Amino acid sequence: MVSNEFMFTICYIVVSLCFIAPPKEFVSAGLTVQNMLSSYLGSEEIDFTGFHLRRTTATVVLHSLLPLGYYVGLGLVSFYNEYDNKNLYMLEPGKATLAVNCFLLLCIGIAISGFVIARYWSWNKWANHPFAKVLAKHGEPWRAAASSINIEFRRVSKFCSIIGGTSLYITDSWIVKCTTYKVHVAHKPDVHLSIIATEDHAISHESNMAVQFLNIQVASINPAVKPFIIRLISSDYGELREKIQAPIRNARNIIIHQSLTDRFLEAFRYQVQQNERYLIRDNEEPEPCIGCMQQQANIKLQKLCANAEEGDCVSCFCRPMWCLECMGKWFASRQDQTRPDTWMSCRSPCPTCRSPFCMLDVCLISKH
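A quick note: this is a predicted structure, and the numbers were derived from the prediction, not measured.

Caption draft 1: Local environment of the overall build of the protein. Within the protein, the secondary structure is distributed over twelve helices and 13 strands. Taking 21 Å as the expected radius of gyration for a compact globule of 368 residues, we find that the protein reaches 29 Å, considerably beyond that expectation. Its C-alpha atoms put the protein at 100 × 55 × 40 Å along the principal axes. Put simply, the protein has 368 residues, and 40% of those count as buried. Relative to all contacts within the protein whose residues are 6 or more apart in sequence, the contacts with residues 24 or more apart total 58%. Here the protein displays about 21,300 Å² of accessible surface, and carbon together with sulfur accounts for 58% of that area. The centroid of the 35 positive side-chain charges in the protein is displaced by 7 Å from the centroid of its 32 negative side-chain charges.

In structure tokens, the structure reads:
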């Protein structure tokens with residue numbers, strides 16, 4: 001017969017591991033340090049650096065109490081066990097008592113160490129915290145870098161990726177990686193990114209689909225900043241590259257599995273480049289794309305897939321207002337997301353006049 005103490009030990013270990021590295025079930029249930037101490041930690045969106053200074057410190061304290069919590073819980077289980085006279089708190093003198101007392105001292109020592117570390121980190125207005133020391137490597141005083149990160153983190157344009165208990169944020173000037181106990185920071189203009197390895201999984205526990213993880217090394221030209229590794233889902237690689245706006249070295253020629261939309265856009269571009277061009281006069285200047293407002297409009301829809309009276313496509317009389325990238329994203333968004341194999345042969349309404357067109361009707365514009 002399995003004892004209650006053994007069952008409690010197994011359950012406590014499992015719950016403790018889930019508390020240290022919370023799965024999505026624990027996160028959704030609110031059993032994380034961030035949720036349990038939300039009133040103390042404050043808002044990450046408003047005060048990013050202050051939030052993580054307090055979060056890492058509180059995490060160290062709570063995790064240091066787990067061994068002592070196990071001792072107290074095991075003692076209560078043995079105390080209320082009707083079928084066992086071995087009470088953890090009332091053992092007869094002997095080797096067992098010595099072992100239990102040594103374990104108790106160890107648990108108390110770990111708990112005290114956690115509080116001592118927390119007190120040291122918070123001393124002198126957090127100047128002793130490892131996060132503050134990392135920020136100080138980017139210039140003194142460290143609160144200047146902290147203020148810059150806080151301001152940029154509030155912007156909606158930041159890149160965000162959360163995998164397990166690790167969060168990655170890329171703002172206009174900073175790369176920030178947050179782990180359970182540490183925060184890594186690099187100044188974006190000073191870094192070189194290199195893909196060093198990939199991990200391919202046949203199934204993901206979150207999406208139940210095949211997934212590829214990229215391990216990318218972030219190395220700074222600042223000798224005081226130590227290199228660190230960021231982990232990223234391959235489907236987010238395109239967005240990361242746009243946010244970094246710098247080459248990402250792939251010296252090992254690692255094959256990166258793109259997202260479904262990225263693969264379609266690549267095929268869309270290839271097909272459009274094979275289509276007939278739409279000619280405009282030399283003195284005509286295309287307007288900015290109304291989708292992104294960053295590139296010039298370079299797409300014109302005209303029926304080329306069949307004769308005027310044949311097929312479901314209709315001639316579009318709109319002037320060029322969209323770029324190739326935005327038109328491809330629009331085309332993909334209008335398709336059946338459960339049937340990606342049919343996208344290439346399907347149609348989409350014009351984003352302006354709703355005239356149906358297919359990929360053969362999308363023309364790049366060029367001047368005479």
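Caption draft 2: The arrangement of the packing of helix α11 (residues 260–274) against helix α12 (residues 324–333) in detail. Two numbers describe how α11 lies on α12: the axes approach to 10 Å, and their chain directions differ by 120°. By the angle between their axes, α11 is oblique relative to α12. Pair α11 / α12 crosses with right-handed handedness. Taken together, the residues of α12 that come into contact with α11 (itself represented by Phe264, Leu265, Phe268, Arg269 and Val272) are Leu324, Glu325, Met327, Gly328, Lys329, Phe331 and Ala332. A class-by-class count of the residues in the contact of α11 with α12 yields eight nonpolar, one polar and three charged.

Caption draft 3: Representation of the UniProt feature "transmembrane region" (unreviewed entry) in the protein. Those residues carrying the UniProt feature "transmembrane region" (unreviewed entry) are residues 60–78 and 98–121 in this numbering. Structurally, residues 60–78 is divided into 95% helix and 0% strand, and its ends, taken at the C-alpha atoms, are 29 Å apart. A distance of 34 Å separates the end C-alpha atoms of residues 98–121, which is 100% helix and 0% strand.

Caption draft 4: Structural view of the nonpolar core. Ranked by internal contacts, the top residues of the largest apolar core, which has 23 residues, are Phe264, Phe268, Val272, Ile299, Leu301, Met327 and Val362. Of all the elements in the fold, those that place two or more residues in this core are α11, β10 (299–301), α12 and β13 (362–367). Considering every element that reaches this core, the biggest residue donor is α12, with six residues. Beyond its immediate chain neighbours, meaning those up to four positions away, leucine 301 contacts Cys316, Met327, Cys350, Phe357, Asp361 and Val362. Core analysis: the next-biggest nonpolar cluster, separate from the first, contains 20 residues, Phe159, Ile175, Ile195 and Ile256 among them.

Conventions adopted
Here the residue numbering is sequential within each chain, running from 1 through the sequence in written order. Since the coordinates come from a predicted model, pLDDT governs what is reported: local features require at least 70, and pairs of side-chain atoms require 80 or more to be given and counted, while whole-chain, interface and lining totals use all residues. Based on all heavy atoms of the structure, the side-chain values leave hydrogens and waters out of the count. Helix and strand assignments follow DSSP, with helices taken as H or I runs no shorter than four residues and strands as E runs no shorter than two, numbered in order from the N terminus. For the radius of gyration, the atom set is restricted to C-alpha positions; the globular benchmark scales as 2.2 Å times the number of residues to the power 0.38. Relative accessibility under 20% of the residue-type maximum defines a buried residue, over 50% an exposed one, and the middle range a partly exposed one, all with a 1.4 Å probe and only protein chains included. Here a residue-residue contact requires only that any non-hydrogen atoms of the pair lie within 4.5 Å. What sets the accessible areas is the Shrake-Rupley method with a 1.4 Å probe; for residues, cover comes only from the shown protein chains. Charged-residue counts in this description rest on Lys and Arg as positive and Asp and Glu as negative, His and the chain ends being excluded. The atom standing in for a charge is NZ when the residue is Lys, CZ when it is Arg, CG when it is Asp and CD when it is Glu. Helix axes are fitted to C-alpha atoms over the stretch in contact, other axes to C-alpha atoms as well, and angles between N-to-C directions run from 0 to 180 degrees. To sort the angles, those under 35 degrees are grouped as roughly parallel, those over 145 as roughly antiparallel, those from 65 to 115 as roughly perpendicular, and the leftovers as oblique. Crossing handedness is defined as follows: a turn of the near helix away from the far one that is anticlockwise and smaller than a right angle gives a left-handed crossing, while the clockwise case is right-handed. For this classification, the nonpolar set comprises Ala, Val, Leu, Ile, Met, Phe, Trp, Tyr, Cys and Pro, the charged set comprises Asp, Glu, Lys and Arg, and every other residue, Gly included, is treated as polar. UniProt positions are given in the numbering used here, feature names are shortened, and annotations may be inferred rather than shown by experiment. Within this scheme, the nonpolar core is defined by two criteria: the residues are buried Ala, Val, Leu, Ile, Met, Phe, Trp, Tyr or Cys, and they are joined through side-chain atoms within 4.5 Å.

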